[in-house]
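Listed below are the residues making up each chain.
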2 protein chains.
Amino acid sequence: MADAVTASSKEQLMSAIASEVAKIEQAMHVDLAVATKGTDPLLNEVLEYGMFNGGKRLRPLLVVLAARLSGFDKSKNEELYKLAIAFEYLHGATLFHDDVIDQADLRRGKPSVYKDFGEIAAILGGDFLHARSMFLIGSLGGTPALEVFCHATGSMVDGEFLQLRNAQNYNLSEQDYFLAVQGKTALLIGATCEIGAIVGGATSSQQQALAEYGIGLGTAFQIVDDLLDYQGDADRTGKTVGNDFQEGKMTLPLILALKSANSVDKERLLYLLANRDACKTGFSEAYDLIDKYDGFVRSRSRAESIMAKGVAGLDMFLSEEKENSASVSILHALAEYVLVRQK
Amino acid sequence: MADAVTASSKEQLMSAIASEVAKIEQAMHVDLAVATKGTDPLLNEVLEYGMFNGGKRLRPLLVVLAARLSGFDKSKNEELYKLAIAFEYLHGATLFHDDVIDQADLRRGKPSVYKDFGEIAAILGGDFLHARSMFLIGSLGGTPALEVFCHATGSMVDGEFLQLRNAQNYNLSEQDYFLAVQGKTALLIGATCEIGAIVGGATSSQQQALAEYGIGLGTAFQIVDDLLDYQGDADRTGKTVGNDFQEGKMTLPLILALKSANSVDKERLLYLLANRDACKTGFSEAYDLIDKYDGFVRSRSRAESIMAKGVAGLDMFLSEEKENSASVSILHALAEYVLVRQK
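Residues numbered from 1 in each chain as written. Chains lettered and ligands numbered in written order. Predicted model: local features only at pLDDT ≥ 70, side-chain atom pairs only at ≥ 80, totals over all residues. Heavy atoms only, no water.

A. Main features of the overall build of chain A. Summing up its helical and strand segments, chain A has 16 helices and two strands in all. Taken against the 2.2 N^0.38 rule, which gives 20 Å for 343 residues, the C-alpha radius of gyration of chain A at 21 Å falls within 12% of a compact globule. For chain A, the C-alpha atoms occupy an extent of roughly 65 × 55 × 40 Å along the three principal directions. Residue burial in chain A is summarised as follows: out of 343 residues, 54% are buried. Nonlocal contacts in chain A, meaning residues at least 24 apart in sequence, comprise 75% of its contacts between residues at least 6 apart. As displayed, chain A has an accessible area near 15,000 Å², and 52% of this comes from carbon and sulfur atoms. (Helix = DSSP H or I, 4+ residues; strand = E, 2+ residues; numbered from the N terminus. Rg over C-alpha atoms; globule rule 2.2 N^0.38 Å. Buried < 20%, exposed > 50% of the residue type's maximum accessible area, 1.4 Å probe, protein only. Contact = heavy atoms within 4.5 Å. Areas by Shrake-Rupley, 256 points an atom, 1.4 Å probe, with all protein chains shown as cover.)

Here it is in structure tokens:
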């Protein structure tokens, strides 16, 4: 009986999320048509192609939920969805540019914008999304929102530079790893929640709680991403397993294993890393060594405890309005999803 | 005697411009230090390298002058320069990205950011500048400024897409050419002046006059750019002569010549264009044919009349405050410079 109730409430939750996602996607179609009105048809074509490819719409969802929890005036729902999609645009802009940088032919299993429309379209399409995103945030959220947002964008670029500088640094510390993750992913997701809170009229403690939830979610997301790179099923993730190792990228499982390995194993791991191009069985041997020192298990447990801390802060919203519980449930579900996702 | 007076007032004008440029560059150094505080040192290094390479600072100069003419409160000068540099950042972001697109090794005679720091640094450095630029404009100029700015950015991207679509279209009309020029260059320079006007508290007719001056300046600038591509001195422009023709790019001199050539000459020009890779003397023969139909002379005269119209609108500022005449003189001098520049 208890199971049945859970299954049914899980279904309700999923349908609540699906209904929000549908509204978000509808708002994107409408806004892209407005934003590209009177421009070369190729622009709208590129943007529609690049922005509708099965994205999870996590960021706009967070804006909507954070704003609701902070008391957003429902009569202005249309504005809220417009603000929310700004964050999906920014995410899209990043992916357009990333695919140019990585010369990636595929994005979520179909040809990337870069591959299908070329480098110019990918860079400029990204710039257009970036500009539209800032416009929506500035005009709907004002200077405080712009400030949070630009700080996070700056950190994102900074995180990428840090990663660039850290490449092939086999001595990378756990702290450096978390700094890069914060910059690259977590602060932007935190900013997403924070701006939702600002627009909703949050108190400063509400704003902080939502920002911390977002930072936790983003950090956990990235750790799980790094775990999937070692342990994922290529058919589900759509990415080759072992990519990070083959590129000499230092992620948490490897960092933790190197830190606790005995000197023989540590030396072997470093040897495998340095000779990864020459030695084809290197990845599977490295995998076993990381596993021996619980690199994977400990990484996952870091992700879980970071996420748990972020989720705990949401309790303050439950004591207030009853309808908050639906939004808090969705945020809990997202946190759970991030930890168990297989792709 | 008259000559001596002119020379001395020209000197004064140049020194007035130089003093503004120095203030603008100082504001950029200060702001970049603030914006990159606490980030990876590589970011500041990339931005300082890319943003200080002898740029003319035309855009920030226009913001400062337009704001002054519109009655900007002098006690807020520091804010004005911060707003002004936002437009140089946006310009810089575009150049960073352009060099990636064109795989250009050189920018103003020294290695481009793309060449010196690599593609990732050039794309992300550009994104950072873009974000900082929007932040400054949004927080100092508010929603009206953001709106003008984003409309212009959208047009810029649109202009590039239009050009992409028009490539190798030998039937390109004069109207299509001007549409692409507006989008790529002119509207953004118009927006620069318009936002200066908004921030300065312009009346709507003042705002319109300044926007039109900017659009005229940007259009004339682009026409002269296209002329220099045929007639420039490579030692001064730093660019190979005949590039546009070799790429099959349809610019005004060629479009005008094709329109008025007799059928034999038109056919020959189209033949030279289509076979430009095979035929080494094609450019010089095409040059002579364009010249025969006054393609260069007529392009220059278009630029002059467009510029004259933009400049005429500035007269309204002269009837007001006496100190306006200094700012108007600088705008006149910039218009003149754009038409006679050799690089």
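B. Quick peek at the nonpolar core. Ranked by internal contacts, the top residues of the largest apolar core, which has 225 residues, are Tyr213 of chain A together with Tyr213 of chain B. Excluding residues that lie within four positions of it along the chain, Tyr213 of chain B makes contacts with Leu62, Cys193, Met307, Gly310, Val311, Leu314, Leu331, Leu334 and Ala335 of chain B. (Core = buried A, V, L, I, M, F, W, Y, C linked by side-chain atoms within 4.5 Å.)

C. Geometry of the confidence of the model for chain A. All names here are of chain A. In the predicted model, chain A carries a mean pLDDT of 88, and 96% of its residues have values of at least 70. Throughout residues 1-5 the model reports pLDDT below 50, and contacts reaching past four residues in sequence, or to other chains, amount to zero contacts. What the predictor reports for the complex is a pTM of 0.79 with an ipTM of 0.72. (pLDDT = per-residue confidence, 0-100.)

D. Representation of the packing of aromatic side chains. Residues and elements named next belong to chain A. Enumeration according to the criterion identifies 16 aromatic pairs over all chains in this entry. With a centroid separation of 5.5 Å and an interplanar angle of 55°, the aromatic rings of Tyr230 and Phe296 are classed as tilted. Of this pair, Tyr230 sits in helix α8 (residues 204-231) while Phe296 sits in helix α14 (residues 295-312); the two residues are 66 residues apart in sequence, bridging distant segments of the chain. Here Tyr230 falls in the buried class, since its relative accessible area comes to 3%. (Phe/Tyr/Trp six-rings, centres within 6.5 Å; stacked < 30°, edge-to-face > 60°.)

E. Quick look at the environment of Leu314 of chain A. All names here are of chain A. For Leu314, the position within the fold is in the loop between α14 and α15 (315-318). Counting along the chain gives 102 residues from Leu314 to Glu212, while the straight-line C-alpha distance between them is 9.5 Å. Beyond its immediate sequence surroundings of up to four residues, Leu314 is in contact with Leu210, Tyr213, Val328 and Leu331.

F. Examining the pattern of salt bridges more closely. According to the stated counting rule, one finds 20 salt bridges over all chains in the structure shown. For Glu174 of chain A, the salt bridge identified is with Arg302 of chain A, shortest N-O distance 2.0 Å. With Glu174 of chain A in helix α7 (residues 174-200) and Arg302 of chain A in helix α14, the pair connects residues that are 128 residues apart, well separated along the chain. Its salt-bridge partner being Glu174 of chain B, residue Lys259 of chain B comes within 3.3 Å of it at the nearest N-O pair. You can see Lys259 of chain B sitting in helix α11 (residues 252-260) and its partner Glu174 of chain B sitting in helix α7 (residues 174-200), a full 85 residues away along the chain. Given the relative accessible area of 61%, Lys259 of chain B is considered exposed. Ionic contacts of the salt-bridge type, sharing partners, join the residues Glu25, Arg57 and Glu88 of chain A into one network. (Salt bridge = Lys/Arg side-chain N within 4 Å of Asp/Glu carboxyl O.)

G. Just the relation of the copies chain A and chain B, in detail. Rotating chain A by 180° about the axis while translating it 0.0 Å along that axis superimposes it on chain B, leaving an RMSD of 0.0 Å. This pairing of chains is accounted for by a two-fold axis. Across chain A, the rotation axis passes nearest the C-alpha of Gly138 of chain A, at a separation of 3.0 Å. Most of the interface of chain A is mirrored in chain B, where 100% of its interface residues again form contacts. (Least-squares fit on C-alpha atoms with pLDDT ≥ 70 in both.)

H. Local environment of the interface of chain A and chain B. The partner chain B presents 38 residues to the 38 residues of chain A that form the contact. Taken together, both faces of the contact between chain A and chain B bury some 3,700 Å²; the carbon and sulfur share is 76%. The tally of links between chain A and chain B comes to zero salt bridges. Summed over the shared surface of chain A and chain B, the result is five residue pairs in polar contact (both at pLDDT 80 or more). Listed by contribution, the elements that provide at least two residues to the side of chain A that touches chain B are α2 (41-51), α4 (77-101) and α6 (119-166) of chain A. A breakdown of the residues in the side of chain A that touches chain B according to their chemical character gives 20 nonpolar, ten polar and eight charged. (Buried area = accessible area lost by both parts, 1.4 Å probe. Polar contact = N/O pair within 3.5 Å; in protein donor to acceptor, adjacent residues only side chain to side chain. Nonpolar A, V, L, I, M, F, W, Y, C, P; charged D, E, K, R; others polar.)

I. Summary view of α6 of chain A. Residues and elements named next belong to chain A. If you check α6, its first and last C-alpha atoms are just 27 Å apart, much less than what 48 residues at 1.5 Å a residue would give, namely 70 Å. With 37 of 48 residues buried, α6 is to be regarded as a mostly interior element. At the C-terminal side of α6, Gln168 shows a positive phi close to 65°. (Expected span 1.5 Å × (residues − 1).)

J. Just the packing of helix α11 (residues 252-260) of chain A against α14 of chain A, in detail. Residue and element names in this part refer to chain A. Packing of α11 against α14 brings their axes to within 8 Å, and their N-to-C directions diverge by 120°. Classed by the angle they form, the pair α11 and α14 counts as oblique. Note that α11 runs across α14; the crossing there is right-handed. Listed contacts from α14 to Leu252, Pro253, Leu256, Ala257 and Ser260 of α11 are Gly295, Phe296, Arg298, Ser299 and Arg302. Among the residues making up the contact of α11 with α14, the classes are represented as five nonpolar, three polar and two charged. (Axes fitted to C-alpha atoms, helices over the stretch in contact; angles between N-to-C directions. Parallel < 35°, antiparallel > 145°, perpendicular 65-115°, else oblique. Left-handed = near helix turned anticlockwise from the far one by under 90°.)

K. Just a positive patch on the surface, in detail. A grouping of Lys56, Arg108, Arg236 and Lys343 of chain A is seen on the molecular surface, where their side chains present a positively charged patch. Within the secondary structure, Arg108 of chain A sits in the loop between β1 (106-107) and β2 (110-111). (Patch = residues over 30% accessible without salt bridge, like charges linked within 9 Å, V, L, I, M, F, W, Y side chains within 5 Å. Lys, Arg positive; Asp, Glu negative; His and termini not counted. Charge placed at Lys NZ, Arg CZ, Asp CG, Glu CD.)

L. Unusual backbone geometry, seen in detail. Backbone geometry at Arg57 of chain A places phi at a positive 60°, although glycine is not the residue there. For Arg57 of chain A, the position within the fold is in the loop between α2 and α3 (58-69). Positive phi is not limited to glycine here, since Asp294 of chain B has a value of about 55°. Mapped onto the elements, Asp294 of chain B comes out in the loop between α13 (282-292) and α14 (295-312). Overall, Asp294 of chain B belongs to the partly exposed group, its relative accessible area being 39%.

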